[in-house]
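Structural description and commentary
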Amino acid sequence: MKRKILIFLLFIFVGFFAAGCDFFGGNQTLPITLPESSTTETGEQSSTTTTIQSNSSSTITTVITSGESSSSTTQQTTSTTQQSTTTTVEQTTTTTTEEQTTTTTTGEQTTTTTTEEQTTTTTTEEQTTTTTTEQQTTTTTTEQGTYYNVTFIDWDGSVITSMSVLEYNDATPPADPTRTGYLNYIYVFTGWDKSFTMVQSDLTIQATYELQYSSQSDYTHENLLMLIATMYQSTDEAYLEEEIDMMISMTGALSEHELYDMMIIVDKLVTGLPNVTDAADFHSLMSYVTTLGLNGEMVANVGFNMMNGAMTSELAFYQEEIIYYQTRITNAQEALDEIPSKIAIIDQEVADYCNGPAAMYATECLAYYNQVKTLIDLDTNHQFLTRKLYEYEIDEWDYKDMADMYRDYYYYTNIDVDPYQAGQAYQAYQEILSYYDSSQQAYLTSIFETYELYLNAEAVFLDTDFSAIENYDTNGDYIISMLFNYLYNGWTNDQYEYEYSYQNLLYNKADYETTIQELTNRIQEMNQEILMMTDIMALMADPEMEEDIKLVIEMVYDGFYAMLGEIDQEMFDFMMSMMMFNDYYVVPKEMMSVQMDTGMGMLSGMLSSLSPEKVTYLLNSLGDMMLAFEATMTLEEKTLIADMLINIMPYMIDDDSLTETMIANLVNHFLPMVFNAGDDIAGFLSAMTVQKTQAIIELVTIIAISDDNDRL
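Residues numbered from 1 in each chain as written. Predicted model: local features only at pLDDT ≥ 70, side-chain atom pairs only at ≥ 80, totals over all residues. Heavy atoms only, no water.

Considerations on the overall build of the chain
Within the chain, the secondary structure is distributed over 22 helices and 17 strands. Counting only residues that meet the buried cut, the chain has 38% of its 712 residues in that class. For the chain, the proportion of contacts with a sequence separation of at least 24, taken over those separated by at least 6, is 62%. As displayed, the chain offers around 40800 Å² of accessible surface, 54% of which is attributable to carbon and sulfur atoms. (Helix = DSSP H or I, 4+ residues; strand = E, 2+ residues; numbered from the N terminus. Buried < 20%, exposed > 50% of the residue type's maximum accessible area, 1.4 Å probe, protein only. Contact = heavy atoms within 4.5 Å. Areas by Shrake-Rupley, 256 points an atom, 1.4 Å probe, with all protein chains shown as cover.)

Written out as C-alpha cells, the structure reads:
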C-alpha cells in the first residue's frame, strides 16, 4: 500500500510536470517538420497524402480521396503522455498548429489540418469524442467501432503489457506476474485491482499481491530461546524473554517466527566470520546468508524499525535522566540553602569567644576574624577557578610557575618597589601565557585577576597590627591567631557535632551553584534533543518518508554488497591484518608498542612494512571498491538523499535564522560536491602508481620522524 501511495504521487507529479511544460516554458512548441505533399490523379479520382513527423515519435498520415466517395483515415503511433487523438469516417477533420497550416481541396471535399501541441479534436454531426490519458493512450474510432487502450502494470508501476480493446469487449490479461519477497516472506499474486471486462474507457490496471510467510525453519519458541541464550551467553529465562520482546520491537519482526529467521542469519554471520580463512570463504558466507534471506529489503525494514526503536529508547532514557538531574538539582539546592545557617553558626562561635573570654580585645578580635574571612572568600574564589584547569587543558605546573611569577611581579610593583625586578617577573609570566591559545589565555587571565584581589586583601591583612591579640591565651581556651586555622579546618561545637570550616562551606557553595547550573544546562540540552527526535519521528511516520528512508537504506546496502564483490584474496589478507587476525601485513609487535603513541609513527611503520607495489595494489583496490559502491547510485537516488536531508535538517539544526529555502540551497550546493569528491577520491586511488606510493611512504615517514622529535 505504501508503494502504491508513492507511485500514485509520482504519477501525479509526472502528470503535472507534463501539463505544466508550456506554462513554465513560455510559448514553447515542439518542432514539427511537414514534408512536401504528393498528389496522384487517376481517372475521376484523386488523393492527397500528407505525412507529419514530430520529435514526439508521432507519425500522422492523412489520406483524402475525392470522387463519388470520400473517406478520411488517421493512423497514429505515439509514446508521449497527455495526448488526445480522435478519428472518424465521412466528416471534416480540423487540427490546429501555431507553426504551419495545410489546406487541401479536392472535388467536393475540403480538409484543413492544423496542429497545436499534438492535440487533435474531431467533430462530426453524429458524435464528438475527446480523450486524454496519462499513460500511453490512444482511442481510435473506425468503421468497426471505438478502440480503447488497456495497460496492465506491476506493483511498482512498470508496464507489463498494453493493448487496444474494442468497445464492450474484454481485455486479455497477461500471465500472472511475480514479485520477489524478502527473508522468508513471499509475495503471492492475488489478481488485478479493477475489472477489465466490457471495456468502455481507457484503463490502467495494477497487479495486487499478498505477503505470506513461508519459512521452513525449525522454529519453536524453545528453539528461539536457545538461540538467543547462545548469542547472549545467558541462562536467565526471564531476561531472555525480555530480550525477545525488545528484539521484535526493534527489528519490526511481525512474529517470533520471523525474528527466529533473522537471528539465524545473524548467528550464521557471527559464528561464520571467525572461521573465514580466505576471500573465497568470505564470499561463500555472504552468498549463504543471502540465500537465507539477507537482502536490501530486509535490511531496509529492520534498519528503519531499529532507527525508530533506538530513538524511542533514547527518548525514554533522556526523560529518565531529566528526572534524575532534577532530583540532584533539588538536593543541591537544599544543601545550598543550609550553608548560610552553617556560616552563621561559625560567626556566632567566634562572636561568643571575642565578646566572652577575649572581651578586652573584642574589637581587635572581630576585626581579625573579618579580615581572615575576606582572605578566605577571595582565596576560595581563586582556588575554585584553578580546579578547572584540566578542562582547558592547561598544565598545572605552568599555572604554579605563573603564580610565582605573578606574586613576584605584584610584590616588586606594590610593596618592595623595584621596576626592573617587576618587569622581569611580568615578562616571565607573559612568556608562559603565550604558550596557550586565546581561549586558554582568557581563562588564565581571569584566574590571575582573582589572584590579584587576594594579594591586595593579604597586603592589608599583613599591614594591620594584631600583635596585641596574637599571643592572647585564656587558660588555653583560644589563641586568637589560631582562629585562622579553625576557620580552615572546622571544629566541634558544644554538642560535639563537627561544624564545617568557613572555607569548606564556601567551596561547597561554589560546587553546588556550579552543579545546579551544569545540570540545568544539561536538562535544556536534553529537552532540545527530545524535541528534535520527536519531530524526526513524526516525520518518519509519514508513509512517503518511511518509504524514502527505506529506499536510502536499501541503496546503501546495495552499494555495500557491490563493494564486497571487489574484495579479492590480497584485499582480504590486508583487512585481516588490520583486525589483527593474522600476521600477513602486521607491523612487528615491538615496533608497534614503541610507535603506538607517536602520532603518525604507527602509520609510517605500517607503510614501511609493505612494499610500494603492495601499497599501490591496496590503494587501487580501495578505489575499485569506492567506484563499485558509487555505481549502484542513480541520479534519482542521489536526488532522493538530497530531498531527505532537506526534510530532516531543519529539525536537527538549532538555528531559527536558517529558513527551509536556505537549507535546501545548502544541501543542493554541497551534496553534489560530496558525491563528486567520492568519485575524485576513487579516481585518485585508482591512479596510484608505485612511484607515487613510494613518495607518499617517504613523506609520511619524514612527518612521523619530525613528530617524534617534537615530542622528545
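From this point, things continue past the structure.
Topic: the state of the cysteines
In total, this model carries 1 disulfide according to the counting rule given. Each disulfide pairs two cysteine sulfurs, and for Cys-354 the partner residue is Cys-365, the sulfurs being separated by 1.8 Å. Taking the torsion about the S-S bond as the criterion, the Cys-354 to Cys-365 disulfide, at about -55°, is left-handed. Placement of Cys-354 in helix 7 (residues 296-355) and of Cys-365 in helix 8 (residues 362-386) is noted, with a sequence separation of 11 residues between them. For the pair Cys-354 and Cys-365, a shared accessibility class is recorded, and that class is buried. (Disulfide = S-S within 2.5 Å.)

Considerations on the packing of aromatic side chains
What the rule picks out here adds up to 24 aromatic pairs. With centroids separated by 6.4 Å and ring planes inclined at 80°, the aromatic side chains of Tyr-187 and Tyr-209 adopt a geometry described as edge-to-face. Taken as a pair, Tyr-187 in strand 14 (residues 185-192) and Tyr-209 in strand 15 (residues 203-213) lie far apart in primary sequence, 22 residues in all. For Tyr-187, a relative accessible area of 16% puts it in the buried group. Taking the relative accessible area as the measure of exposure, Tyr-209 reaches 16% and is therefore buried. (Phe/Tyr/Trp six-rings, centres within 6.5 Å; stacked < 30°, edge-to-face > 60°.)

Examining the pattern of salt bridges
This model, assessed by the stated rule, comprises 10 salt bridges. In this structure, the salt-bridge partner of Glu-396 is Lys-400, at a minimum N-O distance of 3.6 Å. Residue Glu-396 and its partner Lys-400 are located together in helix 9 (residues 396-414), separated by 4 residues, close to a single helical turn. Residue Glu-396 is classed as partly exposed on the basis of its relative accessible area of 48%. For Lys-400, a relative accessible area of 34% corresponds to the partly exposed category. Here Lys-550 ties to Glu-546 by a salt bridge, and the two come within 3.0 Å at their closest N and O atoms. Here Lys-550 and its partner Glu-546 are both found in helix 15 (residues 543-564), 4 residues apart, which amounts to about one turn of the helix. Each member of the pair, Lys-550 as well as Glu-546, carries the same accessibility label: buried. (Salt bridge = Lys/Arg side-chain N within 4 Å of Asp/Glu carboxyl O.)

Topic: the nonpolar core
Ranked by size, the top nonpolar core spans 75 residues in total, and within it Leu-444 and Phe-448 carry the most contacts. With 16 residues, the top contributor of residues to this core is helix 7. If we ignore the near neighbours within four places in the chain, the residues touching Phe-448 are Tyr-399, Met-402, Ala-403, Tyr-406 and Tyr-429. Met-286, Val-302, Leu-619 and Met-688 belong to the second largest nonpolar core, which has 38 residues in total. (Core = buried A, V, L, I, M, F, W, Y, C linked by side-chain atoms within 4.5 Å.)

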